Amino acid sequence: QVQVVESGGGLVQAGGSLRLSCAASGRTFSNYAMGWFRQAPGVEREFVAAISRSGGSIYYVDSVKGRFTISRDNAKNTVYLQMNSLKPEDTAVYYCAAKFTLGTGRAPLSADEYNYWGQGTQVTVSS
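The rules behind these values
- Residues numbered from 1 in each chain as written.
- Predicted model: local features only at pLDDT ≥ 70, side-chain atom pairs only at ≥ 80, totals over all residues.
- Heavy atoms only, no water.
- Helix = DSSP H or I, 4+ residues; strand = E, 2+ residues; numbered from the N terminus.
- Rg over C-alpha atoms; globule rule 2.2 N^0.38 Å.
- Buried < 20%, exposed > 50% of the residue type's maximum accessible area, 1.4 Å probe, protein only.
- Contact = heavy atoms within 4.5 Å.
- Areas by Shrake-Rupley, 256 points an atom, 1.4 Å probe, with all protein chains shown as cover.
- Phe/Tyr/Trp six-rings, centres within 6.5 Å; stacked < 30°, edge-to-face > 60°.
- Pairing = 2+ DSSP bridges.
- Salt bridge = Lys/Arg side-chain N within 4 Å of Asp/Glu carboxyl O.

Re the overall build of the protein chain
Then comes step 1: Scanning the protein chain from terminus to terminus reveals zero helices and 11 strands.
Then comes step 2: Secondary structure of the protein chain in N-to-C order comes out as β-β-β-β-β-β-β-β-β-β-β.
Then comes step 3: Computed over its C-alpha atoms, the radius of gyration of the protein chain comes to 14 Å, within 12% of the 14 Å expected for a compact globule of 127 residues.
Then comes step 4: Across its three principal axes, the protein chain shows a C-alpha extent of roughly 45 × 30 × 25 Å.
Then comes step 5: A buried classification covers 42% of the 127 residues belonging to the protein chain.
Then comes step 6: Partitioning the contacts of the protein chain with sequence separation of at least 6, the portion at a separation of at least 24 is 61%.
Then comes step 7: Roughly 6300 Å² of accessible area belongs to the protein chain as shown, and the carbon and sulfur atoms make up 47% of that amount.

As structure tokens, this is what we get:
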């Protein structure tokens, strides 16, 4: 069992930056692959970024490559999403997700693969 809580969302103008944090508790954080997803009104939840247990394998959706950076600090039980050069189309509720695994492979890219989810944090980018 693990609980995850997102924070750091807010309102920012286009071109600005935000840093999202996802704090986990309940189990050994290093045993979880972590992912970020987002959902805007009227669309399906979209994969954004994922990071493996050790941070050695990272994936991004094409639309955020070069702008977003996912990282993790296992000592702090926290995963981050640094978002730069934000665009209005980045506006969404951002969710942190965790998948328990003892493997060493990449983190899943599908929302269906994740076991635990945070409550979401709103990111709004104005033009």
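Comments concerning the packing of aromatic side chains
Then comes step 1: Inspection of the entire model under this criterion finds seven aromatic pairs.
Then comes step 2: Seen from their ring centres, Phe-37 and Tyr-114 are 5.4 Å apart, and the 80 degrees between their planes marks the pair as edge-to-face. Pair noted here: Phe-37 is in strand β4 (residues 32-39) and Tyr-114 is in the loop between β9 (92-100) and β10 (116-117), with a separation of 77 residues, a long-range link.
Then comes step 3: Residue Tyr-114 is classed as buried on the basis of its relative accessible area, which comes to 6%.
Then comes step 4: What links up through ring pairs into an aromatic cluster is the set Phe-37, Phe-47, Tyr-95, Tyr-114 and Trp-117.

Observations regarding the environment of Val-61
Then comes step 1: Take Val-61: it is sitting in the loop between β6 (58-60) and β7 (68-73).
Then comes step 2: Classification of Val-61 as buried rests on a relative accessible area of 19%.
Then comes step 3: On a C-alpha basis, the gap between Val-61 and Ala-50 in space is 9.3 Å, while along the polypeptide they are 11 residues apart.
Then comes step 4: The residues contacting Val-61, other than those within four sequence positions of it, are Glu-46, Phe-47 and Val-48.

Notes on the pairing of strand β1 (residues 3-7)
Then comes step 1: Going residue by residue along β1, you find Val-4 and Glu-6 tucked away on one face and Gln-3, Val-5 and Ser-7 left uncovered on the opposite face.
Then comes step 2: The pairing of β1 with strand β3 (residues 18-25) spans five bridges and is antiparallel. Residue pairing in the sheet places Gln-3 in a bridge with Ser-25 of β3.

Description of the pattern of salt bridges
Pairing of side chains with opposite charge becomes possible as their charged atoms draw close.
Then comes step 1: By the definition in use, this model includes four salt bridges.
Then comes step 2: Across the pair Asp-90 and Arg-38 runs a salt bridge, and its minimum N-O distance is 3.0 Å. Placement of the pair is Asp-90 in the loop between β8 (78-83) and β9 and Arg-38 in strand β4, with a sequence separation of 52 residues. Note on accessibility: Asp-90 and Arg-38 belong to one class, buried.
Then comes step 3: Of the charged contacts in the structure, one is a salt bridge between Arg-67 and Asp-90, with a shortest N-O distance of 2.7 Å. Remark: Asp-90 occurs in the loop between β8 and β9 and Arg-67 occurs in the loop between β6 and β7; sequence separation between them is 23 residues.
Then comes step 4: Since its relative accessible area comes to 1%, Asp-90 is described here as buried.
Then comes step 5: Where salt bridges share partners, they join Arg-38, Glu-46, Arg-67 and Asp-90 into one cluster.

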